[in-house]
Structure formats: structure tokens, C-alpha cells
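Given next are the chains, with one letter for each unit.
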Amino acid sequence: MKVSTQWLSEYVSIEGVTPEQLAEKITRSGIEIDEIEQRNQGVTGVVVGYVKHKEKHPDADKLNVCTVDVGTGEDLQIVCGAKNVDAGQKVPVAVVGAVLPGNFKIKNAKLRGVASQGMICSASELGMNDKLLPKDQQEGILVLPENTELGLPITQVLGLDDAVLEFDLTPNRSDCLSMIGAAYETAAILGREVKLPSIDLIESGSAASEKVSVSIEDESLCSHYAIRYISDVKIGPSPQWMQNRLMAAGVRPTNNVVDITNYVMLECGQPLHAFDADKLGSQIGVRAAREGEVLTTLDGQERKLDPSMLLITGNDTPAALAGVMGGLATEVTDATVNIALESAKFSGSSVRKTSRKLGLRSEASLRFEKEVDPSAVIAALDRAALLLSRHASGSVQHGVVEQRSGQIQEQKITLSLSKLNRYLGTDISMLEVKAIFARLNFKCGDSAQDQLEIQVPTRRGDIMHDVDLIEEVARIHGYDQIPTTVIEGPTTPGAYSKSQAVRYAVRRRLTSGGFHEAITYSFTRPENTQVFTAFSADSHAVPLAMPMSEDRSVLRTTLVPLLLESAQYNRNRKNSDLSFFEIGKVFHASEQKVTIQPIERMMLGLLLTGNRNDGTVGAASRKVDFFDLKGAVESVLEELGLSVEFRADAPDGFHPGRSASLYLKQAPSQRIGVLGQLHPQLQRDYDLDDTYAAELCLDELYSYAAPEIEYRDLPRYPSAQRDIAVVVDLSLEAGKLIEVVRQSAGELLQDVNVFDVYTGDRVASDKKSVALALTYRHAERTLTDEEVATAQQQVVQALEENFAAELRK
Amino acid sequence: MRERLEELKVEALEQLSSVADAKQLDELRVKYQGKKGKLTEILRGMGGLSAEERPVIGQLANEVRDAIDAAVSAHAERFEREDTERRLASETIDISLPGRKLSRGAVHPLTRVIEEIEQIFIGMGYRIAEGPEVETDYHNFEALNLPKDHPARDMQDSFYITEDLLMRTQTSPVQVRTMEAMSGEVPVKIICPGKVYRRDDDDATHSFQFNQIEGLVIGKNIRMSDLKGTLLHFMKELFGSDTEIRMRPSFFPFTEPSAEVDVTYKKKGATEAGWLEVLGCGMVHPRVLEMSGYDPEQYSGFAFGIGVERLAMLKYGVDDIRHFYNNDERFLEQFARQ
């Protein structure tokens with residue numbers, strides 16, 4: 001809402017307050033002022049002049065030499081190039097010494113040999129916004145009304161010495177979609193009086209009810225519909241002051257009738273509509289549209305109507321979309337004589353639905369949507385009728401023709417002073433509270449001890465509860481006056497939950513190992529839910545009802561494809577060595593057609609690609625491989641105190657020979673993760689180099705995770721280490737060997753590690769040699785060679801029996 | 001014999017004086033002092049000397065041996081010193097070559113900001129609450145005092161899945177879920193960080209997916225002044241101890257009174273701090289309390305919500321919100337600090 005301070009000062013004094021100060025005060029009281037627009041863009045020394053004569057320039061076809069009186073008693077000779085300049089006009093004249101916007105100084109000049117003592121100005125030369133000018137003023141010089149006083153500064157004539165405050169209204173403050181509303185707000189903030197505009201209407205002629213009738217079909221969609229009949233209007237331009245105010249408010253002047261309806265809407269917040277009464281017909285109805293009806297609206301568009309839309313009809317013919325836009329057929333034109341002036345309260349949600357459906361939003365619909373003040377319906381109607389009689393020489397016929405349901409009632413709310421102070425943490429007295437409501441123009445009843453009854457004006461439909469009144473007190477009292485305190489009562493311990501602590505630990509472990517945390521979008525393309533289905537195989541993906549694009553039309557079911565897309569993004573930017581992880585949710589629905597909330601699983605995704613080292617001297621870079629990824633996963637799980645098993649079961653999306661699933665030792669039937677090299681086919685699809693990815697379901701880990709450190713005493717006795725190398729089948733997993741070693745070595749075995757795997761000339765082509773390091777230790781004594789040898793013997797024997805392993809000497 | 005000793009001394013010392021390396025030195029040592037060396041050989045002839053001569057010659061022989069010894073060790077020391085110097089010289093490295101760094105990855109800047117805020121509130125006795133990202137219409141809107149035909153609930157502004165399910169547009173439904181779970185117990189002191197989704201065309205300052213942190217406190221006698229005190233403490237922790245805040249009245253359907261909070265903030269290159277809007281807050285609306293099982297006559301509370309991306313953009317000077325979601329390695333890498 002653009003609020004002209006000049007216009008505002010008609011309803012409330014803002015004397016002694018600069019526009020900047022006012023803007024600051026209003027902002028601090030709850031309505032943000034986005035911008036202060038100075039209407040004067042830098043005009044000084046331009047005055048109203050009278051063109052006495054016009055002659056053709058002797059040497060230039062397109063120029064005229066004008067004799068202009070600017071009220072100084074001395075005529076000026078001004079050369080003017082505008083087509084529309086003519087003798088007998090009142091025009092803005094920039095005399096020598098005047099300044100125009102852009103710091104353009106007017107000097108004595110010679111145009112094609114003829115002296116020119118100034119310049120006759122167009123509206124845009126005066127810095128006025130072209131778009132807001134009446135159509136006939138958009139070209140050529142600005143021609144002023146004949147009765148404009150000679151010599152008057154143009155800034156005064158055009159109301160340019162005005163600052164316009166842009167009110168950025170929150171949805172609850174639609175009361176300030178009017179100058180009067182803005183005036184009440186300003187008055188409350190400054191502690192001044194509101195002066196309401198005159199509605200001293202003189203009625204004449206016959207009763208309006210003889211001309212028109214009004215009937216509302218469904219009062220829930222329109223609680224009040226009122227018509228005034230104004231006859232014998234003369235269409236013409238509206239007065240300059242009205243045009244100035246409309247332009248300040250961002251509305252383009254049209255003609256006196258339209259301007260008056262707009263003016264009153266801006267003044268009172270109540271949209272009005274003027275019908276050409278002779279085109280409308282005498283029986284005015286308010287009803288829902290019927291299937292198949294059409295209406296051509298003021299903008300010339302034919303609109304197909306449906307029963308959800310509310311219509312105004314004349315003799316049952318659609319005439320206007322209630323509260324949204326008028327119809328072309330009943331529009332006020334230059335030929336209009338009689339006017340049916342409408343003021344009504346339409347249901348906000350009905351207007352909103354219609355305007356959304358048709359994509360038609362207007363100043364009127366905007367106000368109806370937010371529910372207009374029921375008290376303003378008649379006030380605005382009368383005010384507009386008064387202005388029509390004054391400025392369109394109409395005669396207002398007797399009476400209002402109307403239908404309404406219910407009575408207008410001001411709501412009464414009881415406010416408790418102790419609650420107010422308890423709620424705000426303040427110590428405001430009853431006297432101060434009463435003073436604040438007086439400033440707001442809210443009536444107070446007598447205060448009984450702690451209680452005060454407040455009568456809320458109908459213009460403040462946003463105030464329904466005592467807390468709304470508390471806010472009113474707080475904001476007028478000043479939020480700055482609210483002290484800062486510490487919450488009273490018992491202190492509470494703050495901490496991460498276990499799952500949060502686990503995620504925190506995972507993040508720290510991975511970043512300390514060189515992984516960057518990525519965050520990808522939760523929405524993805526459907527293809528991305530068809531791959532890496534380890535956790536989603538038994539569920540369905542969740543599509544959005546109205547996606548913004550196909551690429552983001554469904555909720556992700558796995559993190560891996562999104563990490564792959566991140567890798568692709570980086571690859572295109574030549575970042576090819578990547579270690580990424582993401583912690584985020586995936587969404588799995590149990591039903592094909594979603595009706596209940598899907599299962600949200602917290603996943604950990606990892607991605608590795610490119611080279612390990614960046615190739616500094618002495619640290620040759622090498623390509624990452626499966627074991628880099630496996631080690632990262634193991635490190636994370638170790639951090640959480642978890643032991644897992646890797647099973648080579650070729651999970652979906654991965655290279656079948658280079659992938660595995662993860663199972664917790666404590667819960668071996670539940671798959672908790674997958675990892676591996678990306679399947680070559682997918683690698684091609686995503687256009688990547690060798691890439692390794694893992695995905696773990698963190699939800700499955702929380703309850704087993706033991707992030708606490710368990711300390712063990714240091715060993716007091718030395719260990720004995722023995723290495724053995726065995727030749728086994730090429731396909732035998734090292735993990736199986738280790739398992740048998742653990743089972744067979746006895747209690748003295750403390751640790752076993754694979755430290756080399758050899759295939760090549762020195763073993764058969766279907767065999768490999770696996771070198772194992774075994775560490776033996778006894779907690780309470782030094783081991784003897786014999787004990788160790790016995791254990792080794794058992795190991796070798798078990799390996800021979802289980803795998804036909806041959807000991808390499 | 002005396003002459004032979006004298007000669008030997010002169011000869012040995014002369015040869016030693018021009019010794020070139022450790023090997024030659026050792027040869028000379030053996031030549032003169034070894035078991036078969038010249039000195040030993042001469043001394044073997046001592047047996048033929050008279051009793052008077054023997055001590056005299058013996059002493060002389062000792063002197064000769066000591067002189068040779070001294071020369072040998074002096075040279076040996078020199079060679080060792082020279083050897084060490086040579087080795088050090090040959091082992092000298094170019095210390096200007098790059099070091100091999102410990103690798104460190106980055107916690108995502110949005111997570112960093114969230115974690116920092118979590119730590120501040122944990123320090124103030126808050127728990128971290130979480131909730132689903134796919135919400136029911138009831139929890140996301142209705143229970144927050146946005147009834148069915150409220151303008152803020154337009155289908156166009158949210159990502160609906162069904163008529164009743166949508167991607168949460170705010171973290172406020174976690175408030176509702178927490179209150180439901182606490183079933184009337186007080187105090188409630190939580191913050192809830194998380195992803196939210198709104199239908200917005202992506203540009204430098206808008207993203208259809210972003211993060212919020214919601215805060216909620218409910219108890220007996222929770223006052224608006226407590227909200228102000230809490231936020232002041234929070235902002236001082238986050239932006240520095242000289243930070244100030246101010247509240248401006250505002251509107252949210254789920255709080256009353258409502259406020260926007262500005263903090264003093266010095267923009268890059270600015271000489272003076274200005275006010276910058278950072279969060280919205282207010283006293284929990286009695287209808288919201290009531291719907292989630294708290295009697296508004298008995299309990300009161302405050303709530304606040306803060307946009308994580310905006311804070312992260314301010315804190316790190318990031319000028320385009322999309323950077324947070326592109327996962328460009330060159331972007332993420334810059335946050336690889338503890």
C-alpha cells in the first residue's frame with residue numbers, strides 16, 4: 001500500500017514529523033516501510049503559464065514560438081517543439097533558472113536563431129511516471145485545467161512535494177489497505193486525532209428504489225449488497241488534486257467516475273463498482289454463475305464461468321464478477337448518464353477462489369479476499385456518492401437500495417492486566433493500558449480491579465483474542481520497552497540424543513579422513529529410484545502431486561544416485577578426485593498410491609572416485625579402489641564401536657564381483673549397508689570414471705552403537721608373531737581363511753591379518769598364495785616356543801583340512 | 001736402536017702428515033703400530049738391550065708410540081668430522097618442496113551453522129527435536145492456526161503429495177509433534193533444525209529446499225521478556241558479545257504477539273554496523289497450545305524460527321544460495337576446518 005504523506009495529513013496531523021521519522025516509527029510499531037518515494041524528482045522553478053500566442057518558427061517546421069504569461073507581468077518568448085501546444089492553454093513552464101530532474105538547468109537559449117526564455121514541459125520532463133499518467137497526457141506537453149492559477153509552482157499544482165511511504169503489510173493488517181486505516185495507525189503511533197472525511201450527502205430526485213432492486217441469492221457469499229443511484233452525471237476528467245493522489249498511490253487516473261470509485265477505495269478500503277445503470281437493467285442480483293455462462297470482463301477477455309464464481313447480474317444477465325472485475329457491457333463510458341454505484345461485502349474466500357481460478361487479481365479482489373470492514377460498506381458508498389455529486393455533477397437519488405444479513409457488531413474482549421504483564425514480562429499500569437487503547441481508538445469499558453473490557457472496532461478484524469490486545473499494547477508501548485529476562489524455573493540438561501550423537505561422530509570421523517560432506521536435493525528424477533534398491537526393493541517411491549520439473553518429481557529412495565550426480569557435476573568442472581559423504585533422509589512408501597506418511601530412513605552415503613594422493617613429490621597418486629571405500633566404512637563403524645561382516649552378495653547397482661553387503665555382528669540377519677564399485681553400465685549412464693559408493697542405514701545402527709571408549713589394560717608380557725603363507729584356490733575369500741584361523745588357533749591367538757596375496761608364475765593359475773601374520777599372547781606369562789608351535793600346527797592342519805591349503809615354505 | 005726409533009718417528013709422522021683418507025690412515029696405523037708393525041718389530045729387539053739401556057729405550061719407544069698415536073687419532077677425528085660434513089651436505093633436502101598434508105574433509109557449511117546453533121542451545125539446556133519431512137496437513141498447517149482456507153496454504157506454494165500429505169514448509173510441525181509427545185508435561189525446551197520445502201523458483205537467494213531451525217519453550221510463566229533474553233544471548237554467542245538485538249512487531253499465524261528480530265551486523269566493507277533482519281518469533285498462540293494439549297490459561301511459551309541458509313550466507317559471505325546444493329568440491333573444500 002502506497003501511502004502519500006500529503007494525503008495522509010488530511011486525516012491525521014503529521015506536523016513536526018519528517019517522512020523518514022514517520023517511516024521509522026511505523027516500522028518499529030509493526031508495519032514495515034520498505035521504501036520512501038519522493039514524488040518530486042528534482043523540480044524547482046517550474047510555474048503555471050498561459051500560452052497567449054503561438055506562431056510557426058520561421059526556420060523550423062516542427063517548432064513553434066510561443067508567447068507565455070507566467071504571472072510576472074512580463075511575457076516570455078519560448079520555443080516549443082510539442083505538437084499539442086496551442087494558444088489559450090495553461091502549461092507548466094520552466095523559466096530561466098529552473099531545474100528539472102537530472103539536474104537539468106534551464107538557461108536562456110537560441111533555437112534555430114530564435115531566443116527562448118524557458119521551456120514548456122511535458123509530464124515526464126517533470127519526472128512523473130509515464131505509466132501512471134492519464135492517456136491524454138502521455139504525449140506532448142502537459143496541458144493543465146483552465147482554472148489553474150497563473151504563476152503557481154507546478155510542484156504545488158501536481159502535488160509533487162510529497163513523500164510516499166510503501167507499507168509492506170503482514171496478512172493480518174488489511175485494515176491498512178486504506179488511507180483511513182493508515183491514519184488510525186499513524187494517529188495511534190503519534191498520539192494524535194483522526195479526522196474522518198465528510199459524508200454530508202445531499203440527496204435529490206426520486207427514491208433509488210424506484211429505479212433498481214437488489215436481491216442476494218446466497219447470503220453466505222455476500223452478507224451485504226448496497227446500491228446508490230446517481231443520475232445525470234457528466235463524464236470528464238477528475239479534479240487535479242484527486243488525480244495527484246491517485247498517481248501517488250500508483251493508480252492511473254481515467255475519468256471522474258472511475259477515479260472517484262478508486263479514490264474512495266483507497267480512502268476507505270472498500271472497493272466500489274460503478275455500472276452504467278441504463279445498460280445494467282433494473283433488477284440487480286447477486287448469485288452463483290450457472291454452468292456455461294460467459295462474461296466479457298473490462299479487459300476485453302471472455303471468461304467462462306462456473307458455479308463456484310459469484311456474479312452480479314442485471315435482469316439475470318451476468319454483469320460483473322463479484323469483487324473481482326466488472327463486465328465490459330455495463331462499463332461506464334463517456335456516454336454514460338446514470339450510474340448504479342455498488343458497495344458490498346463479498347465473502348473473502350469466494351473472491352479469492354474466483355480470482356485464482358481466472359488468474360485475475362485486482363485492487364478490489366485483494367481487499368475483498370482479506371475481508372473488508374462491514375462498517376465501511378455504507379460509509380464508502382455515501383462518500384463516493386458525495387464526490388460524484390461534487391465532481392461529476394450527478395444527482396444522488398434518495399436512499400440506499402440494499403440487502404444485508406445480520407447486524408454489525410463490535411467485538412468485546414476482556415483483558416486482564418496481570419496476565420498482560422505476566423505475558424510480556426512488563427510492569428505496565430492500568431492507566432497506561434487505557435491510554436494506549438485510547439490512542440488506538442478502541443473503546444474501553446470501566447476497569448474492574450484487574451479486568452478491562454475492550455471494544456474492538458470492526459476495521460480491526462484481526463483482533464479476536466486477549467493476546468491480540470496484548471500485542472496491541474506491546475507494540476504501541478514499544479517492543480523496546482520489554483526487558484530481557486532469563487527463564488525462571490528448574491534448569492534442564494541439554495544434550496544430543498543418541499542418534500544425533502552418532503551422526504555427529506560419523507561426520508567427524510569422515511571429515512577427519514578427508515571426506516567432504518555433501519547435501520543434495522530430496523527431489524529427484526524417477527529413474528534414480530529404480531537403482532540401488534537394496535533398501536527400497538519392497539517399497540514404492542513417493543511422487544509429488546505437482547512437481548516443478550520431471551527431474552525433481554519424486555522423493556529420493558537412495559542417496560547414491562544423487563551423489564553420483566554431484567560427482568558428474570564436479571567432473572564437468574574438472575574436479576575429478578572426490579571423497580564425498582552425505583547424511584540425509586530417503587523416503588519409502590509401503591503403498592503404490594500413497595495415503596499415509598512414507599517411511600523416512602536416515603542414510604549415510606559415501607562416494608569415492610579419482611586418485612587418492614594429489615601426487616606430491618614422493619607420494620605418487622594412485623586410483624582409489626574398493627578397499628579405500630571399505631576402509632572408510634570400517635573406520636566409521638569402528639568409531640561407533642560396531643563390528644560388521646562383509647558378504648559378497650552383489651547388491652543392486654554395483655559391480656557384482658566388487659561389491660558387498662554389510663551386516664552387524666550383533667544382528668546378522670539385518671542388512672545395514674551396501675558398498676562397492678559402481679556397475680559398469682551405470683558408470684556409463686552417469687558418465688563417470690571408476691567410482692565407488694556405499695550406503696548405510698543409520699537408523700539400524702543407533703541402538704547398537706557404543707561411542708564410549710572401553711579401556712583395556714596394557715599387556716605385561718610380550719607377544720609372539722608368526723607368519724605363514726598358504727596356497728589356496730583363487731576363489732577362496734581371505735575372510736574365510738581368517739575365520740578358520742581364529743577358530744583353530746586356540747585362545748592364545750590375539751590377532752590375525754592378511755598382509756599379502758600373491759598370484760602369478762610361482763603358483764598354479766587357479767591358485768593364490770595368502771600370507772597371514774598371527775599374533776599370540778598370554779595375559780599372565782611369556783609364551784613358550786612349544787605353545788606357539790602347537791597353535792601354529794593346529795592352524796596349518798585346519799587350513800589343510802578345510803581348504804586343501806598347502807603351506808608355502 | 002735409539003736412532004731407529006728416532007727415524008721411525010720422523011718417518012711415521014711425515015707419512016701421517018700427508019695421509020689422504022681413513023683407509024690410508026688405517027694402513028699407516030697397521031704399518032707402524034700393528035702386531036707386525038715397525039714399532040712392534042723394533043720393540044721386539046728390546047730383549048737384546050742392557051738393563052741400563054732398557055728403561056731409557058723403553059721410555060723413548062713409549063714417546064714414539066704416543067706421538068704416532070696422537071697423530072693417528074688427530075687424523076682419525078678429522079676424517080670423521082669431514083666424513084660427517086660430507087654426509088650432511090649430501091643429505092641436504094629442498095625444504096621448499098611441498099609437505100604432505102594430513103587430509104581433512106569439510107563438514108558442510110549448512111551443517112556447521114546448524115551444529116554451532118545446536119551447541120549454543122544445548123548449553124542453554126535445550127534438547128534437539130526432529131520430525132518427518134513428509135508431514136500431514138494437520139501438523140504443518142492446521143495445528144499451527146492456519147485453517148483450511150487460509151491464504152498462506154495455497155497449493156501453489158507447497159509441494160503436496162496427496163491432499164493430506166505434503167513436504168513440510170516449515171520446521172514448526174516439530175513443535176506440534178513435540179507438544180503432542182510431551183502430552184502436557186513442562187518444561188518443553190527444544191530446537192528443531194531440518195530441511196523444509198517451498199515451491200519457489202531457484203535463484204541466488206531462493207531455493208525450493210532449505211533449512212530452518214525452530215525453537216520452542218513452554219512452561220509456567222514463560223514471558224515475552226524471556227524470549228528477548230534468550231535471543232539476545234543466542235545472538236551474542238553467534239555473532240559476538242557486542243551484538244545487540246531489537247524486536248519489531250510482526251505477524252505469524254502461530255504466535256501472538258509476534259516479532260521480527262534484527263541484529264546489529266557489520267557488512268563486508270561497511271564502516272558501521274546496521275540492523276539486519278535474522279529471525280521471526282513470538283509467544284505461542286493460545287490456539288496452538290490448546291490444539292496440542294496445553295491449557296493456555298496455565299501455560300505459556302515462545303517460539304522462534306531462523307533460516308539457516310541466510311545465516312550461512314551472512315557468516316561466510318556466500319552470495320548465491322545454490323552453492324550450498326551444487327556440492328562443488330572447490331566450494332566444500334573451503335570449509336575443511338575444525
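Since the structure is predicted, the reported quantities are computational estimates derived from the model, not experimental observations. (Residues numbered from 1 in each chain as written. Chains lettered and ligands numbered in written order. Predicted model: local features only at pLDDT ≥ 70, side-chain atom pairs only at ≥ 80, totals over all residues.)

Q: Explanation requested: the overall build of chain A in the structure shown.
A: In terms of regular secondary structure, chain A is built from 19 helices and 40 strands. Relative to the 2.2 N^0.38 estimate, which gives 28 Å for 809 residues, the radius of gyration of chain A is 42 Å and therefore markedly larger than a compact globule would have. In terms of overall dimensions, chain A has a C-alpha envelope of 130 × 80 × 60 Å along the principal axes. Buried residues in chain A amount to 41% of all 809 residues. (Helix = DSSP H or I, 4+ residues; strand = E, 2+ residues; numbered from the N terminus. Rg over C-alpha atoms; globule rule 2.2 N^0.38 Å. Buried ≥ 20, exposed ≤ 12 C-beta atoms within 10 Å, placed from the backbone.)

Q: Honestly, the overall build of chain B in this entry has me stumped. Any pointers?
A: Secondary structure summary: chain B contains twelve helices and nine strands in total. Taking 2.2 N^0.38 as the reference for a compact globule, 338 residues should give roughly 20 Å; the C-alpha atoms of chain B span a radius of gyration of 44 Å, well beyond that estimate. Taking all 338 residues of chain B together, the buried fraction comes to 41%. The long-range fraction of contacts in chain B, counting pairs at least 24 apart against all pairs at least 6 apart in sequence, stands at 69%. (Contact = placed C-beta atoms within 7 Å.)

Q: Mind showing me how you'd approach unusual backbone geometry here?
A: Glycine aside, residues mostly have negative phi angles, and peptide bonds mostly take the trans form. In this structure, the amide linkage connecting Val186 of chain B to the following residue, Pro187 of chain B, adopts the cis form with an omega of -5°. Checked against the element boundaries, Pro187 of chain B lands in the loop between helix 7 (172-182) and strand 4 (188-197). The omega angle of the peptide bond from Glu256 of chain B to Pro257 of chain B is -10°, so this bond is cis rather than trans. If you check the backbone angles, Asp687 of chain A has positive phi at about 55° while not being a glycine. On the secondary structure map, Asp687 of chain A appears in the loop between helix 17 (680-685) and strand 36 (691-697).

Q: I tried to follow the sheet that holds strand 40 (residues 806-808) of chain A on my own but got confused; where do I start?
A: Note on sheets: strands pair through backbone hydrogen bonds, and any given pair is parallel or antiparallel. Residues and elements named next belong to chain A. What the four strands build is an open sheet, ordered 38-39-37-40; its pairing is antiparallel. Edge positions in the sheet fall to strand 38 (749-758) and strand 40, since each of these pairs with one other strand and no more. On average, each strand axis in the sheet is inclined to that of its neighbour by 35°, with strand direction left out of account. (Pairing = 2+ DSSP bridges. Axes fitted to C-alpha atoms, helices over the stretch in contact; angles between N-to-C directions.)

Q: In this structure, what is going on with the sheet that holds strand 11 (residues 163-168) of chain A? I would like to understand it.
A: Residues and elements named next belong to chain A. Here we have three strands laid out as an open sheet, ordered 1-11-2, and antiparallel in their pairing. The sheet terminates laterally at strand 1 (2-4) and strand 2 (32-38), the two strands that pair on one side only. If you compare each strand with its neighbour and ignore which way they point, the axes differ by 25° on average. Judged from the six bridges that link them, strand 2 and strand 11 form a sheet pairing that is antiparallel. Paired with Gln38 across the bridge in strand 11 is Ala163.

Q: How should I be thinking about the environment of Glu747 of chain A in this particular structure?
A: Mapped onto the fold, Glu747 of chain A is located in the loop between helix 18 (734-745) and strand 38. Spatially, the C-alpha atoms of Glu747 of chain A and Tyr776 of chain A are 8.7 Å apart, while their sequence positions differ by 29 residues.

Q: Help me understand the domain arrangement of chain A, please; the structure alone is not making it clear to me.
A: How big an interface is tends to be stated in terms of accessible area lost as the parts join. Taken domain by domain, chain A comprises domain 1 (2-39 + 163-190), domain 2 (44-157), domain 3 (204-404), domain 4 (411-481), domain 5 (498-700) and domain 6 (720-807). If you average the C-alpha positions of domain 2 of chain A and of domain 4 of chain A, the two centres end up 56 Å apart. (Domains from an automatic or database assignment.)

Q: Quick question: what am I supposed to make of the packing of helix 5 (residues 240-248) of chain A against helix 6 (residues 256-268) of chain A here?
A: Each pair of packed helices can be described by the angle between their axes along with the distance between the axes. All names here are of chain A. Their axes nearest at 10 Å, the elements helix 5 and helix 6 cross at an angle of 55°. Taken together, the axes of helix 5 and helix 6 lie oblique to each other. Where helix 5 crosses over helix 6, the two elements pack in a sense that is left-handed. Residues Met242, Gln243, Arg245 and Leu246 of helix 5 form the contact with helix 6, whose participating residues are Asp259, Asn262 and Tyr263. (Parallel < 35°, antiparallel > 145°, perpendicular 65-115°, else oblique. Left-handed = near helix turned anticlockwise from the far one by under 90°.)

Q: Help me understand the environment of Val594 of chain A in this model?
A: Take Val594 of chain A: it is sitting in the loop between strand 31 (578-588) and strand 32 (599-609). With 380 residues separating them along the chain, Val594 of chain A and Val214 of chain A place their C-alpha atoms 49 Å apart. Residues contacting Val594 of chain A, with those up to four places away along its chain left out, are Val542 and Ala589 of chain A together with Ile161, Thr162 and Leu165 of chain B.

Q: Is there a simple way to explain helix 12 (residues 430-439) of chain A in this structure?
A: Residue and element names in this part refer to chain A. Taken residue by residue, helix 12 has Val433, Ile436 and Phe437 as its buried positions. Taken down its axis, helix 12 places every buried residue within 95° of arc, on the same side. Those residues of helix 12 that are buried lie in contact with helix 11 (417-424), strand 26 (443-448), strand 27 (451-456) and helix 13 (466-477). Backbone geometry just downstream of helix 12 places Asn441 in the positive-phi region, at approximately 65°. (Arc of directions from axis to C-beta.)

Q: What's the story with the interface of chain A and chain B in this structure? I'm lost.
A: Opposite the 76 residues of chain A that make contact, chain B presents 72 residues. Elements supplying a minimum of two residues to the side of chain A that touches chain B: helix 2 (19-28), helix 8 (348-358), helix 11, helix 13, helix 14 (498-512), strand 28 (516-517), helix 15 (560-571) and strand 31 of chain A. Top contributing element to the side of chain A that touches chain B by residue count: helix 13 of chain A, with six residues. Looking at the side of chain A that touches chain B residue by residue, the class counts come to 32 nonpolar, 30 polar and 14 charged. (Nonpolar A, V, L, I, M, F, W, Y, C, P; charged D, E, K, R; others polar.)

Q: Sorry, what's going on with the pairing of strand 7 (residues 255-265) of chain B here?
A: A regular strand carries its side chains on alternate faces of the sheet. Residue and element names in this part refer to chain B. Burial analysis of strand 7 places eight of its eleven residues in the buried class, the great majority of the element. Strand direction decides the pairing type here: strand 6 (residues 245-252) and strand 7, joined by seven bridges, are antiparallel. Across the sheet, Arg248 pairs through a bridge with Glu260, a residue of strand 7.

Q: Any chance you could explain the confidence of the model for chain B here in plain terms?
A: Detailed conclusions should not be drawn from predicted coordinates in areas where pLDDT is low. All names here are of chain B. On average, residues of chain B carry a pLDDT of 90, and 99% of them reach 70 or more. Confidence, read as mean pLDDT per element, is least for helix 3 (residues 38-44) in chain B (80) and greatest for strand 2 (residues 134-136) (97). In the model output, the complex is listed with pTM 0.86 alongside ipTM 0.87. (pLDDT = per-residue confidence, 0-100.)

Q: Could you clarify how one ought to interpret the confidence of the model for chain A in this entry?
A: The predicted model of chain A has a mean per-residue pLDDT of 93, with 100% of residues at 70 or higher. When the elements of chain A are averaged for pLDDT, strand 26 of chain A gives the smallest value, 86, and strand 28 of chain A the largest, 98.

Q: Explain the packing of helix 14 of chain A against helix 16 (residues 626-639) of chain A here, please?
A: Residue and element names in this part refer to chain A. Running from N to C, helix 14 and helix 16 point in directions that differ by 140°, and their axes come no closer than 9 Å. It follows from the interaxial angle that helix 14 and helix 16 lie oblique. Remark: the crossing between helix 14 and helix 16 carries right-handed chirality. Facing helix 14, whose interface residues are Ala505, Val506, Arg509 and Leu510, helix 16 presents Ser635, Val636 and Glu639. Of the residues belonging to the contact of helix 14 with helix 16, the class tally is four nonpolar, one polar and two charged.

Q: I would appreciate a short explanation of helix 15 of chain A in the present structure.
A: Since the α-helix packs 3.6 residues into each turn, any two residues three or four apart lie on the same face. In this model helix 15 of chain A runs 16 Å from its N-terminal to its C-terminal C-alpha over twelve residues, within 8% of the 16 Å that 1.5 Å per residue would give. What helix 15 of chain A keeps buried is the set Val560, Pro561, Leu562, Leu563, Leu564, Ser566, Ala567 and Asn570 of chain A. On its buried side, helix 15 of chain A packs onto strand 29 (523-524), strand 31, strand 32 and strand 36 of chain A together with helix 12 (329-332) of chain B. (Expected span 1.5 Å × (residues − 1).)

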